[in-house]
Amino acid sequence: MRPTLTSKLPDVSTTIFTVMSQLATECGAINLSQGFPSFDPPEALTDRISYHLTHGANQYSPMPGVPGLRQAIARKTQRTQHRIVDPDDEITVCTGATEGLFSSIQAIVRPGDEVIVFDPAYDSYEPAVTLAGGVTRHVPLAIGANGHDFEIDWQQLRDNLTTKTRLVIVNFPHNPTGAIFANDDLDRLAELLRNTDAYLLSDEVYEHIVFDGEHHRSVLSNEELWRRSFVVSSFGKTFHATGWKIGYCIAPRELTAEFRKVHQFTTFSVSTPMQHGLADYLESNPAFCEQLSDFYQQKRDHFCTLFEGSRFRLQPSRSTFFQIVDYGDVSDALDVDLAKQWTRQIGVASIPMSVFCERPFTGTRLRFCFAKDDATLTEAVERLRTL
Ligand code: GLN
């Protein structure tokens, strides 16, 4: 007799990023779907990692992370967000942002708790909430008072906050839309959460990629919010190394203690030579993070210019390495069908926007990753323009 298999995630299928990347490989297509750069991490960084690989840093690191890396993260946080965090008790190095998000959610959410996410929402949040026994409430982002699309709709957030709300998850700079926090958003959020029992989980993996002279407004910069927050980031995005899967979680002492209870049994610790290499590099090359926005802004501008005079409509992305493209004047097909069709037909893979949304989606928008060399971007848009 075989045990009965009852899925804990019956509504979850293979993530769109795997589906589209696999299809792109099968078709030999240009892969602008899953977000990863076509260029390498800085050589000075890989040199430091190679050094530690051959100089004895090959056993378990301390469970919260190598002290030197936590200190480097603390210094970066003070420099960029003017927040002093204690590297011993308030920073944990984790296996990519994915683990940071997962461990935060498991540490906080109990069966029956409600968790608010904003649609379009990154796809790892809801399954993690479900596994913790929580219920996800989806609040759509909307055109805000500042005229930008995909901002928090404060009234809808207020309407969805209940006595059961245990966690609110925000993600600015935002994947997939490139939206960013507006000036007073953090204060408004603090005011709304002030008399609730809700924690905040802030996914800030694109913290160093913000365009047009804007800057990243981290939850860490707000005294009131930070007290109830887990802030998660990823070195994968910052150092062109998505395959390294190293990130970190910053949270006040009491929250970090709970976070580590989960982290130590989810993964225990993270690759030791990588952590030492990152620590060295962060300390000796602080400018890299500061120059990343300019680097990606040039990519964004190149990508957007290639569409000029075409029937595709674009609002230049404000952050991240993704650009949303509206194909409504080219086709009225559903985005999920079209992303696959164009991968096969013209060899350009993208991500349909609807997969990030709970409500029925009528938009005609695809997400393209522009973290690629210019020639690849040029070829991809030339193909799109033949449609
Ligand atoms: N975050 C990446 C993206 O948005 C994909 C990560 C993954 O493949 N799981 O494209």
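A.B. asks: Could you give an account of the sheet that holds strand 9 (residues 313-314), naming the residues involved and the relevant values?
C.D. replies: Taking strand neighbours across the sheet as the criterion, the 4 strands line up as 9-10-13-12 in an open arrangement whose pairing is antiparallel. The open sheet has two edge strands with one neighbour each: strand 9 and strand 12 (351-352). Sheet topology places strand 10 (residues 322-326) next to strand 13 (residues 365-369); 5 bridges connect them, and they run antiparallel. Across the sheet, the residue bridging to Phe322 is Cys369, located in strand 13. Strand contacts of helix 13 (residues 335-345): strand 12 and strand 13, with the helix running at about 45° to strand 13, the strand carrying the most contacts.

A.B. asks: Which residues make up the pattern of salt bridges, and what values go with them?
C.D. replies: A full pass over the atoms with the stated rule returns 22 salt bridges. Two residues, Asp301 and Arg300, come together in a salt bridge whose shortest N-O distance is 2.8 Å. Taking relative accessible area as the criterion, Asp301 reaches 33% and is therefore assigned partly exposed. With a relative accessible area of 4%, Arg300 lands in the buried category. Among the charged side chains, a salt-bridge network with shared partners connects Arg83, Glu223 and Arg227.

A.B. asks: Report on unusual backbone geometry, specifying residues and quantitative values.
C.D. replies: Residue Pro120 follows Asp119 across a cis peptide bond; omega there is 0°. Here Pro120 lies in the loop between strand 3 (114-119) and helix 5 (125-131). Look at the link from Asn175 to Pro176: it is a cis peptide, with omega at 15°. Of note, the phi angle at His82 is positive, near 55°, even though the residue is not glycine. Summarising the element assignment, His82 is placed in the loop between helix 3 (67-81) and strand 2 (91-94). Despite not being glycine, Lys245 has its phi angle at roughly 55°, a positive value. Its place among the elements puts Lys245 in the loop between helix 9 (235-238) and strand 8 (247-250). A residue is classified by how much of its surface remains accessible, and Lys245, at 39% relative accessible area, is partly exposed.

A.B. asks: Please set out the site of the ligand residue by residue, giving values where relevant.
C.D. replies: Taken together, the residues surrounding the ligand are Phe17, Gln34, Gly35, Tyr122, Asn175, Lys237, Phe322 and Arg367. Within the side chain of Gln34, a nitrogen or oxygen atom sits 2.7 Å from an oxygen atom of the ligand. In this structure, a nitrogen atom belonging to the ligand sits 3.2 Å away from a side-chain N or O atom of Tyr122. The class makeup of the residues in the shell around the ligand is 3 nonpolar, 3 polar and 2 charged.

A.B. asks: Got a sec to walk through the sheet that holds strand 2? Specific residues and values, please.
C.D. replies: One open sheet accounts for 7 strands, arranged 2-8-7-6-5-3-4; its pairing is mixed. Here the strands that pair on one side only, and so sit at the sheet edges, are strand 2 and strand 4 (135-140). Taken over all neighbouring pairs, the strand axes of this sheet differ in orientation by 20° on average, direction set aside. Those strands touched by helix 3 are strand 2 and strand 8, and its axis lies near 115° from that of strand 2. Across the sheet, helix 4 (residues 96-108) is in contact with strand 2, strand 5 (165-170), strand 6 (199-203), strand 7 (229-234) and strand 8; its angle to strand 7 comes to roughly 165°.

A.B. asks: Please provide a residue-by-residue account of helix 7 (residues 185-193), values included.
C.D. replies: Those residues of helix 7 that fall on the buried side of the exposure criterion are Asp185, Leu186, Leu189, Ala190, Leu192 and Leu193. The buried residues of helix 7 occupy one face: seen down the axis, they fall within an arc of 165°. The elements touched by buried residues of helix 7 are helix 6 (154-160), strand 5, strand 6 and helix 8 (223-226).

A.B. asks: Residues and numbers for the packing of helix 2 (residues 43-53) against helix 11 (residues 272-284), please.
C.D. replies: With their axes 8 Å apart at the nearest point, helix 2 and helix 11 run at an angle of 135° to one another. When the axes of helix 2 and helix 11 are compared, the pair comes out oblique. Here helix 2 and helix 11 pass one another in a crossing that is right-handed. Here helix 2 contributes Ala44, Leu45, Arg48, Ile49, His52 and Leu53 to the contact with helix 11, which in turn contributes Pro273, Met274, His276, Gly277, Leu278, Asp280 and Tyr281. Taken together, the residues that form the contact of helix 2 with helix 11 break down as 8 nonpolar, 3 polar and 2 charged.

A.B. asks: If you had to explain the pairing of strand 6 to someone new, which residues and values would you point to?
C.D. replies: Most of strand 6 is tucked away: 4 of the 5 residues are buried. The sheet contact formed by strand 5 and strand 6 spans 4 bridges and is parallel. Bridge assignment links Leu167 to a residue of strand 6, and that residue is Tyr199. For the crossover that starts at strand 5, traverses helix 7 and ends in the parallel strand 6, the hand is right-handed. Two strands pair when backbone bridges link them, and strand 6 and strand 7 are joined in this way by 4 bridges, in the parallel orientation. Bridging from a neighbouring strand, Asp203 pairs with Val232 of strand 7.

A.B. asks: Any details on the pairing of strand 8? Residues and values, ideally.
C.D. replies: Walk down a regular strand and you will see the side chains alternate between the two sheet faces. What you see with strand 8 is no split at all: Gly247 and Cys249 on one side and Tyr248 and Ile250 on the other are buried throughout. Examined bridge by bridge, strand 7 and strand 8 share 4 bridges and lie antiparallel to one another. The partner of Ser234 across the bridge, within strand 8, is Gly247.

A.B. asks: Provide a residue-level description of helix 3, including the pertinent values.
C.D. replies: The terminal C-alpha atoms of helix 3 lie 21 Å apart, and with 15 residues this matches the ideal 21 Å at 1.5 Å per residue to within 8%. Every buried residue belonging to helix 3 is among Leu69, Arg70, Ala72, Ile73, Ala74, Lys76, Thr77 and Gln81, and all of these are buried. Buried residues belonging to helix 3 abut strand 2, helix 9, strand 8, helix 10 (253-266), helix 11 and helix 12 (287-306). After helix 3 finishes, the residue His82 shows a positive phi value of roughly 55°.

Analysis parameters
- Residues numbered from 1 in each chain as written.
- Predicted model: local features only at pLDDT ≥ 70, side-chain atom pairs only at ≥ 80, totals over all residues.
- Heavy atoms only, no water.
- Pairing = 2+ DSSP bridges.
- Helix = DSSP H or I, 4+ residues; strand = E, 2+ residues; numbered from the N terminus.
- Contact = heavy atoms within 4.5 Å.
- Axes fitted to C-alpha atoms, helices over the stretch in contact; angles between N-to-C directions.
- Salt bridge = Lys/Arg side-chain N within 4 Å of Asp/Glu carboxyl O.
- Buried < 20%, exposed > 50% of the residue type's maximum accessible area, 1.4 Å probe, protein only.
- Near = heavy atom within 4 Å.
- Polar contact = N/O pair within 3.5 Å; in protein donor to acceptor, adjacent residues only side chain to side chain.
- Nonpolar A, V, L, I, M, F, W, Y, C, P; charged D, E, K, R; others polar.
- Arc of directions from axis to C-beta.
- Parallel < 35°, antiparallel > 145°, perpendicular 65-115°, else oblique.
- Left-handed = near helix turned anticlockwise from the far one by under 90°.
- Right-handed = clockwise from strand over helix to strand, strands pointing away.
- Expected span 1.5 Å × (residues − 1).

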